[in-house]
Protein chains: 2
Amino acid sequence: MKFVVGIDGGGTGCRAALATAAGQIVGRGKAGPANIRTDLSRARENIVDAATQAFKEAGHDPALITSTGAVLGLAGTNVGTYAQQLETILPFAQSRVVNDALIALDGAVGEGRDGAIAILGTGTAYLVRRNGKARAVGGWGFQVGDQGSGGRIGRDLLEETLLAHDGIRPASPLTAEILAVFRGDPQDVVEFTINASPGDYGGFAPKVFEYASRGDPVAEMILARAVAAVEASLAALDLDEGMPLCLLGGLAPLHAKRLSPRYQALLREPRTDALGGAVAMAARLFGGTERADV
Amino acid sequence: MKFVVGIDGGGTGCRAALATAAGQIVGRGKAGPANIRTDLSRARENIVDAATQAFKEAGHDPALITSTGAVLGLAGTNVGTYAQQLETILPFAQSRVVNDALIALDGAVGEGRDGAIAILGTGTAYLVRRNGKARAVGGWGFQVGDQGSGGRIGRDLLEETLLAHDGIRPASPLTAEILAVFRGDPQDVVEFTINASPGDYGGFAPKVFEYASRGDPVAEMILARAVAAVEASLAALDLDEGMPLCLLGGLAPLHAKRLSPRYQALLREPRTDALGGAVAMAARLFGGTERADV
């Protein structure tokens, strides 16, 4: 094969990269959501759209798509048979659908290498690879998982704000500011929660980090709980000394500063992103080349 | 007025009682939801339906409804102007719409008397009256309130079950049983949570109390947190010594056993239910009689 394609897709959008058989990226594209659980045919459409753009950007005929191998890292592959269904209907010569966390791990620590990632954004998820075998922890979503995530931190903040309003727990400058955002009316907070998504709650998370850095006691209490939850998940990964650990996601830099020295010592900057991880895997599987040690 | 009507209504249904001017109940009726926030005209319809049944059961002409005074205790009266809108369109000679917690308090401790209630069911809410002035605490709903409720206890159980599955926190006989309910597959738990209502989570709460009574450590930990939350809310009520405290709702008997001696000492059986509270208020407001000390 002359080219390979990497795809990084999820509920908000998907990105494609066209690369040489050796894994060098020559073109990129992006399109709408690739949510294989809720709309498989639309996911296929957006994936093909993004890949087509990548061919065009590289100055190559998109018709070559049918003679190209692709690795697709997508959310939701661990449920049902959606991944297999998608592989069947894709136009690539060969397709491999894998979990989005796996390509993120490959991108962060190097394709197939041992190491771990903690994805700390609106939600949280953890993946470790030891002796080539990957194991996931967490990632069960906002309602019964995602401890330490932006969604949970934001929800905790609104809860503490209402508890402070009722005189059940102490108020602080942060809870006072949040209550003012809702015009001082707890009923406005409740109205917000009726349709709030995890991302809506997560919008409040940076403010909690900001206030905690200034010593706000409620912010510090919420983050102490969140960081303890992240460290409990990291403990379950059972990381060896010297094993690289990469924090990914929007809250990664904020959480990184608060981790205990034990985990600080393992932190590494990610080598590349999830799309890069997908390309690297595609080059190995379909490029006919040995893994390039980047 | 010859008769008065009391109504106890909410999102699942409404009940009516027809009583003499002195407050003696002579007929009852029930009908569908009276959710004034989501469907005001259907709420009116169900309220009139329940009241009509009460007249019929008592052997009186339902046409008398237009010369009858009514007190309606309804959920959702603290938002917007729904209560006033409903009062305008009801067929009673006079109508007074009040919060459902207020008629529950009246029923529990006696109309207009000082005392407190804690409603401990799928959600939680607290109301205290001191020197005739009522003050509510909590009741902000599942996502950012309702600490110690059946919904929160059930959600905590599913969260602990997944944390135990991931090896992040200790498993117990209870988490093992719950994981087995979901065929040992955490993804099945996640699927459940996608559309689960607070009541669906609350369905797991009695099992937590059951296992805690047998010493299950995870169940005990969840309930220790829940009971502490209930007591923190009770503390915010600032109850005087000797002030009656009634626990209402499906989890009342289960929580009652776990409260500390300080609150145990205040517990009283409710005199009557919320419908009885609505009738008593209606008799005072519209029956032309003084309050009967029951």
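How each quantity is defined
Residues numbered from 1 in each chain as written. Chains lettered and ligands numbered in written order. Predicted model: local features only at pLDDT ≥ 70, side-chain atom pairs only at ≥ 80, totals over all residues. Heavy atoms only, no water. Helix = DSSP H or I, 4+ residues; strand = E, 2+ residues; numbered from the N terminus. Rg over C-alpha atoms; globule rule 2.2 N^0.38 Å. Buried < 20%, exposed > 50% of the residue type's maximum accessible area, 1.4 Å probe, protein only. Contact = heavy atoms within 4.5 Å. Areas by Shrake-Rupley, 256 points an atom, 1.4 Å probe, with all protein chains shown as cover. Buried area = accessible area lost by both parts, 1.4 Å probe. Salt bridge = Lys/Arg side-chain N within 4 Å of Asp/Glu carboxyl O. Polar contact = N/O pair within 3.5 Å; in protein donor to acceptor, adjacent residues only side chain to side chain. Nonpolar A, V, L, I, M, F, W, Y, C, P; charged D, E, K, R; others polar. Expected span 1.5 Å × (residues − 1). Axes fitted to C-alpha atoms, helices over the stretch in contact; angles between N-to-C directions. Parallel < 35°, antiparallel > 145°, perpendicular 65-115°, else oblique. Least-squares fit on C-alpha atoms with pLDDT ≥ 70 in both. UniProt positions renumbered as here; feature names shortened; annotations may be inferred. 1 Å grid on protein atoms, 1.4 Å probe; cavity = no way out; pocket = protein on both sides within 12 Å on 5 of 7 lines; lining within 4 Å. Points joined across faces, edges and corners; volume = space filled by probe spheres on them.

I'm lost on the overall build of chain A in this one. Help?
In terms of regular secondary structure, chain A is built from 12 helices and nine strands. Taking 19 Å as the expected radius of gyration for a compact globule of 294 residues, we find that chain A reaches 21 Å, a close match to that expectation. When its C-alpha atoms are laid out on the principal axes, chain A stretches across 65 × 45 × 35 Å. Considering chain A as a whole, with its 294 residues, one finds that 52% of them fall into the buried category. A sequence separation of at least 24 residues applies to 63% of the contacts in chain A between residues at least 6 apart. For chain A, the computed accessible surface area is about 12300 Å², with 51% contributed by carbon and sulfur atoms.

In this structure, what is going on with the interface of chain A and chain B? I would like to understand it.
How big an interface is tends to be reported as the loss of accessible area on association of its parts. The interface is formed by 31 residues belonging to chain A together with 30 residues belonging to chain B. Carbon and sulfur atoms make up 55% of the surface buried where chain A meets chain B, a total of about 2600 Å² over both sides. For chain A, the biggest contributors to the area lost against chain B are A:Trp140, A:Gln143 and A:Val144; these three give 27% of the whole. In this structure, the connection of chain A to chain B is made through four salt bridges. Residue A:Glu159 pairs with B:Arg152 through a salt bridge whose shortest N-O separation is 3.0 Å. Applying the counting criterion to the chain A and chain B interface returns 12 residue pairs in polar contact (both at pLDDT 80 or more). Elements represented by at least two residues in the side of chain A that touches chain B include exactly α4 (150-165), α6 (186-195) and α9 (217-237) of chain A. Split into classes, the residues belonging to the side of chain A that touches chain B amount to 16 nonpolar, nine polar and six charged.

Hey, could you run me through helix α12 (residues 274-286) of chain B in this one?
Because an α-helix completes one turn every 3.6 residues, residues spaced three or four positions apart along the sequence face the same direction. Residues and elements named next belong to chain B. Taking 1.5 Å of rise per residue, the 13 residues of α12 would be expected to cover 18 Å, and the 18 Å separating its terminal C-alpha atoms lies within 8% of that figure. In terms of burial, α12 is a largely internal element, 10 of the 13 residues being buried. When α12 is considered as a whole, its buried residues turn out to be Ala274, Leu275, Gly276, Gly277, Ala278, Val279, Met281, Ala282, Ala283 and Phe286. Buried-residue contacts for α12 involve β1 (3-9), β2 (14-20), β3 (25-31), β4 (69-74), β5 (94-99) and α3 (100-109). Trailing α12 by a residue or two, Gly288 shows a phi angle of about 70 degrees, which is positive.

What should I look at first to understand unusual backbone geometry in this one?
Excluding glycine, most residues fall at negative phi; most peptide bonds, likewise, are trans. Despite not being glycine, A:Asp146 has its phi angle at roughly 60 degrees, a positive value. Note on A:Asp146: relative accessible area 9%, which makes it buried. Unusually for a residue other than glycine, B:Arg183 sits at a positive phi of about 55 degrees. Looking at the secondary structure, you find B:Arg183 in the loop between α5 (173-181) and α6 (186-195). The exposed category is assigned to B:Arg183, whose relative accessible area is 66%.

It is not clear to me how the pattern of salt bridges should be interpreted in this structure. Could you clarify?
Two side chains bearing opposite charge may form a pair once their charged atoms approach each other closely. For the coordinates displayed, the defined rule picks out 24 salt bridges over all chains. Between A:Arg15 and A:Asp273 there is a salt bridge, and its shortest N-O distance comes to 3.3 Å. Remark: A:Asp273 occurs in the loop between α11 (261-264) and α12 (274-286) and A:Arg15 occurs in strand β2 (residues 14-20); sequence separation between them is 258 residues. Note on A:Arg15: relative accessible area 31%, which makes it partly exposed. Taking the relative accessible area as the measure of exposure, A:Asp273 reaches 34% and is therefore partly exposed. Between B:Arg130 and B:Asp240 there is a salt bridge; the shortest N-O distance is 2.8 Å. In this pair, B:Arg130 is assigned in strand β7 (residues 124-130) and B:Asp240 in the loop between α9 (217-237) and β9 (245-248), connecting sequence segments 110 residues apart. Classification of B:Arg130 as partly exposed rests on a relative accessible area of 23%.

Honestly, the packing of helix α4 (residues 150-165) of chain B against α5(B) in this entry has me stumped. Any pointers?
When two helices pack together, you describe them by how their axes are tilted relative to each other and by the distance separating the axes. Residue and element names in this part refer to chain B. Packing of α4 against α5 leaves a shortest axis separation of 9 Å and a crossing angle of 95 degrees. Overall, the two elements α4 and α5 adopt an arrangement that is roughly perpendicular. Packed against α4, whose contacting residues are Leu157, Leu158, Glu160, Thr161, Ala164 and His165, the element α5 presents Leu174, Thr175, Ile178 and Leu179 at the interface. Its residues assigned to classes, the contact of α4 with α5 comprises six nonpolar, three polar and one charged.

How do you make sense of the side chain of A:Thr68 when you look at a structure like this?
Residues and elements named next belong to chain A. When you line up the elements, Thr68 lands in the loop between α1 (40-57) and β4 (69-74). Exposure remark for Thr68: the relative accessible area of 1% places this residue in the buried category. At 2.8 Å, the side chain of Thr68 forms a polar contact with the backbone oxygen of Leu64.

Is there a simple way to explain the relation of the copies chain A and chain B in this structure?
Applying a rotation about an axis and a shift along it to one chain copy brings it onto the other copy. Screw-axis analysis of chain A against chain B gives a translation of 0.1 Å along the axis, an RMSD of 0.0 Å, and a rotation angle of 180 degrees. Classification of the inter-copy transformation places it as that of a two-fold axis. For chain A, the minimum C-alpha distance to the rotation axis belongs to A:Gln143 and amounts to 4.5 Å. Take the interface residues of chain A: 97% of them recur as interface residues in chain B, which is what a same-surface contact looks like.

Please clarify how the UniProt feature "domain: ATPase BadF/BadG/BcrA/BcrD type" (unreviewed entry) in chain A should be interpreted in this entry.
Within this structure's numbering, the places UniProt gives as "domain: ATPase BadF/BadG/BcrA/BcrD type" (unreviewed entry) are residues 5-252 of chain A. The span residues 5-252 of chain A is 43% helix and 21% strand, and its two end C-alpha atoms sit 28 Å from each other.

Is there a simple way to explain the environment of B:Gly27 in this structure?
Residues and elements named next belong to chain B. Tracing the backbone shows Gly27 in strand β3. Sequence-wise, Gly27 and Val5 are 22 residues apart; in three dimensions their C-alpha atoms are separated by 9.6 Å. Setting aside its immediate chain neighbours within four residues, Gly27 contacts Ala16, Ala17, Leu18, Ala54, Glu57 and Ala58.

Help me understand empty space enclosed by the protein, please; the structure alone is not making it clear to me.
The gaps of empty space that remain are located by a probe, the size of a water molecule, rolled over the atoms. Across all of its chains, the model carries two cavities of 30 Å³ or more by this definition. Within this model, the largest cavity holds a volume of roughly 80 Å³. In terms of lining, the largest cavity is formed by 15 residues, of which the most central are A:Leu163, B:Gly138, B:Trp140, B:Gly145 and B:Gln147. Of all the secondary-structure elements, those providing two or more residues to the lining of the largest cavity are α4 of chain A together with β7 of chain B. Here the lining of the largest cavity is composed, by residue class, of six nonpolar, six polar and three charged. Of the voids in this model, the second largest cavity is the one considered here, and its volume is about 60 Å³. Together, 14 residues line the second largest cavity, and A:Gly138, A:Trp140, A:Gln147, B:Leu163 and B:Asp166 are the ones closest to its centre. Of all the secondary-structure elements, those providing two or more residues to the lining of the second largest cavity are β7 (124-130) of chain A together with α4 of chain B. Tallied by class, the residues present in the lining of the second largest cavity amount to six nonpolar, six polar and two charged.

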